[in-house]
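Chains, contacts and geometry: an overview
Next come the chains, spelled out residue by residue.
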Amino acid sequence: MASAAGEAPPGPCRGEIGLQVWVESHQLVPGLLAPAVLLGAALGAGAAFLLGFCVIRPLLRSKDDPQRLLESFHSDLHGHLDENVLSRRKKKRETEMSEEEMPLADGSSNPSLHENPKQAVLPNQIIETSTSSSLGSLTHAGKEDCSSSTTIHSATSDDRFQDRTFQKVTCFPEILTCESFDVKLCLYSLLLKDLLLLDTELRKEKQVVYMQVLKTYLYDFYLKKKITEDLYQNIILTEETDLEELQKQLTSRLLSTEMSGARNSEYQTLEDLERREREYSEHIIDNMEAFWKQADKAEQFLLSQSNCSSAKRGKIMMNLTEKMIAVEGLLSQSQDLQTMDIQEKLFNWELMVKTTDFLKTKIQVESKCRLDAVAGILDQLTMKSNLSLSQKEELLTGLHKAFWEQVAHYNNECVQQSKDLIVKLLACRARKIEELKQAQKDEQGNLSEARKIRHLDEFLKACHEMFEKQRQALHDLEEEDDCQSTEAIAELHQELCSGTSHALDGLVQELFLQILPTKTGMSLRECELLKEECLENLILQLEKWDSCRQKQWKLFQEQLQQEKQLWTKEYALSAVMQKHLSEKYEKIIQGVLRRLGGLSEESAEYILRKHRLLLSAVLRRLAVRNVAMAILTHMKMSQKKSLLQELREQHALQQSSSHCQDEHHWQLQKAMESHILEEEERLEEETQQTHLDFHQQLVAEIQEALQLVQQHMEQVIGRALLQHARQEATKQSSEDGEDFKERLIEAVVESVYVTSNGVERLVQSYYQQIERIMDGHDNRKLQQLKSLQAEITERNRVRKKQENERILKEKMNQGTLNMSSAVHQRMLLRQQKFLAQFDVQQQVRLDSVKQKILVLHHLEAQLENQLKQAEQDFITELAALARIPLPVRKQPLNGSLPSGKGQKTTRKNSHSWEKEDSGDINGR
């Protein structure tokens, strides 16, 4: 019968074995059958409520016995392989559970509770176990689907996992009191929080360094009398105020995102996290764009107000941009290192959590092993007729109740004292962090003396080293506090465990040295020997448990190594993506500068550096976003990974449980191995799909961010072209007509034919003509840009329609591809499709910009010709008034063209440039 109990599933088996033992026990003395039934009913009525709700129901929930876990897995595995059997078994299990939960009998009327020592477990035995443990996750998973703990897909495919709430945490010590299922999600949420803090710190460093660089140039201007002291103070105050306002706006938007959609202040969902991270990224990109505009505005104002030559101003802008590029490089290196430190912190956290989890389960395992050892000794006494069956059941029931009370008290004390201890530790942690940050703030205040550093490169290096040292100091403080908190919690559990273990030992001693001598009539020496034998059995069982724990620890470390490899792959892919985008857009901006022509080498170099600065800032931010998406991917797969890890642990325990297995066990082991491989493949495929979904979202965000870079660079290029046009106009005017204008002015002053009224009439007519020319220019510009935008919009609509049709065809053919292609092949095809789509979209944007530039160039040339013609008419009329002969002037190279003709010419040139650019890009 013991053998049968060992091979059958734990849930249904209790009812079946209990019925068999009941029959057999009363067949031994048939005459006592009726009295025994009446006596059992009478005794059962008194103890029914206590036993039913305090013993039987927790027993049904408890899954702390590795052998029972294996038996449960075997039962569920057969159910997974045969859906019909699963359906019948599920109904039967629900029926039996509903029957067993009813308070029908006490321990004496249900001998099966203690007939098999391996089945003796304590209630509430799985409180606060780890997610990687083979106990806690199965219990939590059973809350949603108790039909099978081995089928990962069926247990987690429900969308409720996406909406499942888990606790909000602000630091690691709080996780030590979280529920087992929440631990992994809470750890990942802390990683996201640390990423946001890192991004905030780096942005703060960038703004501080920018202000110090700007102050250095301003101070140099002030010393050289290029600007006044009032202007110097005004620019600094304005910039600092604007930067503070930008930070306030960002903080307000981030706080609004944090609060919106939250069900309450203590819990959150995966959906909440995904939404927040997406909105965080949008807010930060918007803040980055606002910072660019503010920096450009300040630089332009400074240069316009300073008494510097054009060459000097260009050199200053070049140097300032170069310094900020160097700053971005330092920040990028720091960000990469800090991100890897954050990831490494995750594994340290998991190790600490795993350590405390083993301590949390230690007393439950010890209690179970003590009960098993005692039950074994009592079985021997029953077989030797030293104890009756009813006496044995009575002793075990009483001991079981006493053990349960001790374990329940231990659990309650662990939870309450751990929370109280964490509150004290967090208060101490907050004080230490506040003191450190105040000291760091004072150290940063000394940067006001940085303008005295003559070499700006030395300042940049010293400033970055200071910020890096401060971040590392805060990281070390938090890491040390995490370790101290874990040690404090471990000491608390060890202390409580020791006290509970001593109490349990006292209960066992009382049983052997006081109760058994009275019940059995055995001598005290014989009972002491039985107690020693019980202790030996306990030691053997604890050694087995320790062996299982070591196997679990080894599997856990292997899992961590696999996750580290995944993170390393994520970093490599992110670096490749950044390099690809950087090189691609470097070529694009160089091609644009080549096609523009006319710009000086200095202006082209400045534009190129400015583009590098903006692109490096965007790529650095998107690298953080990529890591955040990788974390979200791991979070979405965390439950399935935990369940798969449980299967691996169960399989390892099954392999080590017996070296000589029969054919049935061997087949079950093979089936289990096959099932694990199947679930691993399924998990890998779903992980790749989730990663692909996030990757597609990241591509869209990259496109939006690069669109901002493009728009900002259009303004930079426009300013450079305008400055170049003014310089050329001034140069041409001075070369062609400066001498004649000077002679004409002298002749007009000396001429007797010129009156003041005549000159005033000519000037007013000239101004009116200029006004008409400018109004006409504005109208033509508005009309042609509207027409061009309509054409671009229509072309994009047609292109999107064609693209949607192509995507629809691909989806129709994707079914065959999914059935016949491997996961990595589909991933490769989708990546190629995204990159191709990305290239096409960027080419379309480039073509649109080129068309706009050509239209603006044509309108600018047309305006320039009209202004020159108006100026020439004024000079002609003035010379005629003064009766001064005009020199023979050359015909203008570009005549004034009607609006329609100019538009057609522009469109024609645009199409020709498109062909040339397309050939150039394809050639590259």
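Each value, and the rule that gives it
Residues numbered from 1 in each chain as written. Predicted model: local features only at pLDDT ≥ 70, side-chain atom pairs only at ≥ 80, totals over all residues. Heavy atoms only, no water. Helix = DSSP H or I, 4+ residues; strand = E, 2+ residues; numbered from the N terminus. Buried < 20%, exposed > 50% of the residue type's maximum accessible area, 1.4 Å probe, protein only. Contact = heavy atoms within 4.5 Å. Areas by Shrake-Rupley, 256 points an atom, 1.4 Å probe, with all protein chains shown as cover. Core = buried A, V, L, I, M, F, W, Y, C linked by side-chain atoms within 4.5 Å. Patch = residues over 30% accessible without salt bridge, like charges linked within 9 Å, V, L, I, M, F, W, Y side chains within 5 Å. Salt bridge = Lys/Arg side-chain N within 4 Å of Asp/Glu carboxyl O. Lys, Arg positive; Asp, Glu negative; His and termini not counted. Charge placed at Lys NZ, Arg CZ, Asp CG, Glu CD. Expected span 1.5 Å × (residues − 1). Bend = angle between axes of the 7 residues up to and from the residue. Axes fitted to C-alpha atoms, helices over the stretch in contact; angles between N-to-C directions. Parallel < 35°, antiparallel > 145°, perpendicular 65-115°, else oblique. Nonpolar A, V, L, I, M, F, W, Y, C, P; charged D, E, K, R; others polar. Left-handed = near helix turned anticlockwise from the far one by under 90°. Phe/Tyr/Trp six-rings, centres within 6.5 Å; stacked < 30°, edge-to-face > 60°. Lys NZ or Arg CZ within 6 Å of the ring centre and 35° of its normal. pLDDT = per-residue confidence, 0-100. Disulfide = S-S within 2.5 Å.

1. Brief notes about the overall build of the protein chain
Counting its regular elements, the protein chain contains 22 helices and 2 strands. Classification of the 924 residues of the protein chain by burial places 45% in the buried group. If you take every contact in the protein chain between residues at least 6 apart in sequence, the share linking residues at least 24 apart comes to 85%. Just so you have it, the protein chain exposes about 47,400 Å², and 54% of that area is on carbon and sulfur atoms.

2. Side note on the nonpolar core
Counting residues in hydrophobic clusters, the biggest one holds 117 residues, and the most contacted among them are Phe172, Ile175, Trp567, Ile607, Ile631 and Met635. Aside from chain neighbours lying at most four places away, what touches Ile631 is Tyr188, Leu191, Leu192, Leu195 and Trp567. Grouped together as the second largest cluster of nonpolar side chains are 30 residues, Cys369, Ala373, Val508 and Leu538 included.

3. Some points on a positive patch on the surface
A surface patch of positive charge is lined by Lys193, Lys204, Lys437 and Lys441. Of all the elements in the fold, those that place two or more residues in the positive patch are helix 10 (182-223) and helix 14 (389-445).

4. Details of a negative patch on the surface
Taken together, the side chains of Asp341, Asp476, Glu479 and Glu480 define an acidic patch exposed on the protein surface. If one sorts the elements of the negative patch by residue count, helix 15 (residues 456-520) sits on top with 3 residues. Within the fold, Asp341 resides in helix 13 (residues 310-383). Among the residues examined, Asp341 registers a relative accessible area of 31% and is labelled partly exposed.

5. Remarks on the environment of Leu396
Along the chain, the position of Leu396 falls in helix 14. Since its relative accessible area comes to 2%, Leu396 is described here as buried. Along the sequence, Leu396 and Leu371 sit 25 residues apart, while their C-alpha atoms lie 8.1 Å from each other.

6. Things to note about unusual backbone geometry
Although it is not a glycine, Lys225 adopts a positive phi angle of roughly 60 degrees. Inspection of the secondary structure puts Lys225 in the loop between helix 10 and helix 11 (229-259). The class for Lys225 is exposed, based on a relative accessible area of 67%. For Arg883, which is not glycine, the phi torsion reads 60 degrees and is therefore positive. With respect to the helices and strands, Arg883 occurs in the loop between helix 21 (823-882) and helix 22 (899-923). Judged by relative accessible area, which is 59%, Arg883 ranks as exposed.

7. Section: helix 13
An ideal rise of 1.5 Å per residue puts 110 Å on 74 residues; helix 13 measures up with 108 Å between its terminal C-alpha atoms. Residue Lys362 marks the point of greatest curvature in helix 13, where the axis turns by about 35 degrees. Phi turns positive one or two residues past the end of helix 13, at Ser385, with a value near 65 degrees.

8. Here's the deal with the packing of helix 13 against helix 14
At their nearest, the axes of helix 13 and helix 14 sit 11 Å apart, and the two run at 170 degrees to each other. What the angle tells us is that helix 13 and helix 14 run roughly antiparallel. Two secondary-structure elements touch here, helix 13 through Leu359, Lys360, Ile363, Gln364, Ser367, Arg370, Leu371, Val374, Ala375, Leu378, Asp379 and Thr382 and helix 14 through Leu389, Lys392, Leu395, Leu396, Leu399, His400, Phe403, Val407, Tyr410 and Asn411. Looking at the contact of helix 13 with helix 14 residue by residue, the classes come out as 13 nonpolar, 5 polar and 4 charged.

9. Some points on the pattern of salt bridges
Here the idea is simple: oppositely charged side chains can pair when their charged atoms come close. Within the structure shown, the criterion is met by 45 salt bridges. The closest approach of N and O atoms between Asp296 and Lys610, which form a salt bridge, is 2.8 Å. Of the two residues, Asp296 sits in helix 12 (residues 270-305) while Lys610 sits in helix 17 (residues 601-657), which places them 314 residues apart along the sequence. Each member of the pair, Asp296 as well as Lys610, carries the same accessibility label: buried. Taking the shortest distance from any N to any O, the salt bridge between Asp372 and Lys368 comes out at 3.5 Å. Of the two residues, Asp372 and Lys368 are both situated in helix 13; the distance of 4 residues between them amounts to about one turn of the helix. Take Asp372: its relative accessible area is 7%, and that puts it in the buried class. One salt-bridge network, held together by shared partners, links Arg429, Lys432, Asp481 and Asp482.

10. Comments concerning the packing of helix 14 against helix 15
Between helix 14 and helix 15, the shortest axis-to-axis distance is 9 Å and the interhelical angle comes to 165 degrees. Regarding the angle of helix 14 to helix 15, the classification is roughly antiparallel. Read as a crossing pair, helix 14 and helix 15 show a hand that is right-handed. Each residue belonging to the contact of helix 14 with helix 15 can be placed in one class, and the counts come to 28 nonpolar, 11 polar and 11 charged.

11. A word on the packing of aromatic side chains
Within this structure, the stated rule accounts for 9 aromatic pairs. Relative to Tyr767, the ring of Tyr766 has its centre 6.1 Å away and its plane inclined at 40 degrees; by these criteria the two rings are tilted. By relative accessible area, Tyr767 is classed as exposed at 54%. What links up through ring pairs into an aromatic cluster is the set Tyr219, Tyr222 and Tyr232. The ring of Phe358 has Arg549 sitting right over it, with the charged end atom 5.5 Å from the ring centre.

12. As for the environment of Lys362
With respect to the helices and strands, Lys362 occurs in helix 13. Exposure remark for Lys362: the relative accessible area of 29% places this residue in the partly exposed category.

13. Observations regarding the confidence of the model for the protein chain
Here the protein chain shows a mean pLDDT of 75. Residues at 70 or above account for 73%. Averaged over each element, pLDDT in the protein chain is lowest for helix 2 (residues 10-27) (32) and highest for helix 14 (92). Across residues 1-102, confidence stays below pLDDT 50; counting only partners more than four residues off in sequence or on other chains, it has 137 contacts. Counted against residues more than four places away or in other chains, residues 104-158, with its pLDDT under 50, gives 166 contacts.

14. Brief notes about the state of the cysteines
Tallied over the entire structure, the rule returns 0 disulfides. No disulfide involves Cys497; its nearest neighbouring cysteine sulfur is the one of Cys414, lying 8.0 Å away. For Cys497, a relative accessible area of 4% puts it in the buried group.

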